[in-house]
Protein chains: 2
Amino acid sequence: MEMHQLRYVVAVSRAGNFSRAAEQCHVSQPSLSQQILKLEEELGERLFDRMKREAKLTPHGEAFLPRAVKILEEVDAASVKPAMRMICCVAD
Amino acid sequence: MEMHQLRYVVAVSRAGNFSRAAEQCHVSQPSLSQQILKLEEELGERLFDRMKREAKLTPHGEAFLPRAVKILEEVDAASVKPAMRMICCVAD
DNA sequence: AGTGTTTACGGCGACCGTAAATATG
DNA sequence: CATATTTACGGTCGCCGTAAACACT
C-alpha cells in the first residue's frame with residue numbers, strides 16, 4: 001500500500017469515476033486504474049463497483065475510505081514544519 | 001513522503017543507528033541512509049543527529065516519530081480484511 | 001584497524017503514458 | 001458513436017546494492 005494509491009482511491013470516491021479522478025491527480029486514467037487494481041488485489045477485495053456511468057464504493061471500499069483519508073491527512077500534517085504549522089493555524 | 005521512508009525512520013529510532021536499522025529492514029545501509037536523507041531534505045529538517053556511536057532523534061525528529069508510528073499503524077490496520085480482523089480480535 | 005555514514009555508480013523493477021481492446025448505452 | 005475501464009507495451013525514473021570515500025576513535 002502506497003501513498004499515491006490512497007490518493008487515487010480518495011480521488012475516485014470524490015470524482016465518481018476513474019477518468020475525472022485521473023485528471024484531478026494529474027495522471028493518466030490507465031495508470032490510476034492500474035494502481036487501484038493493484039491495491040484491490042493486495043487487499044483481496046474490490047474497493048469500487050464499476051457501473052455504467054459511475055464508480056461507486058463497495059462496502060469494503062466504504063470501510064476503507066475513511067482510513068485512507070485519515071492517513072493522508074496525517075501525512076500532510078507530518079509534512080509541514082512546526083514553524084509553518086503556526087502560520088497555517090493563524091490562517092484558519 | 002513514502003511508506004518505506006517512515007518505516008526506516010521508526011527503525012532507526014528503535015535501533016539507535018542506521019546500520020542495525022538497515023539490517024532489520026532487510027535493506028542495505030546506504031539505501032536506508034539515502035531515503036532518510038531524502039525525507040529530511042523534503043521536510044527541510046534533520047530528523048537524526050549522527051553521533052559517533054549512535055543516531056539520536058533531533059527535536060524535530062522527536063516530534064515526527066509519533067506521527068510516523070501512527071501512520072504506519074493505521075496503514076497496517078487498513079491492510080487487513082474485515083474477516084481477518086475478526087480472527088485477530090479473537091486471537092487477542 | 002574498526003565502526004558508522006555518505007557519495008558514486010549501474011542494474012532492475014515499477015509507475016507512467018500512449019495506444020488498442022473490451023464493455024455498455 | 002460516445003463514455004468508461006482494462007489490457008498491452010515500451011520508456012523512464014527511482015530504489016536498491018556494491019564499492020569507495022569520508023569521519024571519528
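Scroll up to find the structure this text is about.
First, a word on what this report is: a plain description of the structure on this page. Computed from a predicted structure; not experimentally measured.

### What to know about the overall build of chain A
Consideration 1: Within chain A, the regular secondary structure consists of 5 helices and 2 strands.
Consideration 2: Walking chain A from its N terminus toward its C terminus, one meets helices and strands in the order α-α-α-β-β-α-α.
Consideration 3: Relative to its 92 residues, chain A shows a buried fraction of 39%.
Consideration 4: Long-range pairs, those at least 24 residues apart, make up 47% of the contacts in chain A with a sequence separation of at least 6.
Consideration 5: Just so you have it, chain A exposes about 5500 Å², and 54% of that area is on carbon and sulfur atoms.

### Points about the interface of chain B and chain A
Consideration 1: Residue-level contacts link 20 residues of chain B with 20 residues of chain A.
Consideration 2: Summed over both sides, the interface of chain B with chain A buries roughly 1800 Å², with 60% coming from carbon and sulfur.
Consideration 3: Among the residues of chain B in contact with chain A, B:Met3, B:Arg67 and B:Ala78 are the three that bury the most area, contributing 27% of the side total.
Consideration 4: The interface formed by chain B and chain A holds 2 salt bridges in total.
Consideration 5: Notably, a salt bridge pairs A:Glu74 with B:Lys70, separated by 3.3 Å at the nearest N-O pair.
Consideration 6: At the junction of chain B and chain A, the tally comes to 2 residue pairs in polar contact (both at pLDDT 80 or more).
Consideration 7: Contributions of two or more residues to the side of chain B that touches chain A are made by helix H1 (3-15), helix H4 (59-78) and helix H5 (82-91) of chain B.
Consideration 8: The dominant element in the side of chain B that touches chain A, judged by the number of residues it contributes, is H4(B), at 9 residues.
Consideration 9: Partitioning the side of chain B that touches chain A into residue classes produces 10 nonpolar, 3 polar and 7 charged.

### Comments concerning the protein's contact with DNA strand D
Consideration 1: In the region of DNA strand D, 22 residues are neighbours, and A:Gln29, A:Ser33, A:Arg50, B:Ser28 and B:Lys38 sit closest.
Consideration 2: A share of 69% of the atoms of DNA strand D within 4 Å of the protein falls on sugar and phosphate groups.
Consideration 3: In the environment of DNA strand D, a phosphate oxygen lies 3.1 Å from a nitrogen or oxygen atom belonging to the backbone of A:Phe18.
Consideration 4: Contact between DNA strand D and B:Ser28: a phosphate oxygen at 2.6 Å from a main-chain N or O atom of the residue.
Consideration 5: When residues of the surface near DNA strand D are traced back to their parent elements, those giving at least two are helix H2 (18-24) and helix H3 (29-43) of chain A together with helix H3 (29-43) of chain B.
Consideration 6: Ranked by residues supplied to the surface near DNA strand D, first place goes to H3(A) with 5 residues.
Consideration 7: By residue class, the composition of the surface near DNA strand D is 7 nonpolar, 9 polar and 6 charged.

Reading guide: rules and limits
- Residue indices follow the written sequence of each chain, beginning from 1 at its first position.
- Ligands are numbered from 1 and chains lettered from A, in the order in which they are written.
- Only residues with pLDDT of at least 70 get local features here, since the model is predicted, and only at 80 or more are side-chain atom pairs given and counted; chain-wide, interface and lining totals rely on the full set of residues.
- Values shown for side chains rest on all heavy atoms present in the structure; no hydrogens or waters enter the calculation.
- Going along the chain from the N terminus, every DSSP run of H or I of four or more residues is numbered as a helix, and every run of E of two or more is numbered as a strand.
- Only protein chains enter the area calculation, which uses a 1.4 Å probe; residues under 20% of their type maximum are buried, those over 50% are exposed, and those in between are partly exposed.
- Residue contacts follow a heavy-atom distance rule, with two residues in contact if any of their heavy atoms lie within 4.5 Å.
- We get accessible surface area from the Shrake-Rupley algorithm with a probe of 1.4 Å; when it comes to residues, only the shown protein chains can shield them.
- Simply put, the buried area is the total loss of 1.4 Å probe accessible area from both parts when two parts are fitted together.
- Salt bridges are defined by distance alone: a side-chain nitrogen of Lys or Arg within 4 Å of a carboxyl oxygen of Asp or Glu.
- N or O atoms within 3.5 Å of each other form a polar contact, as long as, within protein, one can give a hydrogen and the other can take it, and as long as residues adjacent in sequence are counted only when both atoms are side-chain atoms.
- By the convention adopted, Pro, Cys, Tyr, Trp, Phe, Met, Ile, Leu, Val and Ala count as nonpolar, Lys, Arg, Asp and Glu as charged, and the other residues, Gly among them, as polar.
- Residue proximity to a molecule or strand is established when one non-hydrogen atom of the residue lies within 4 Å of it.

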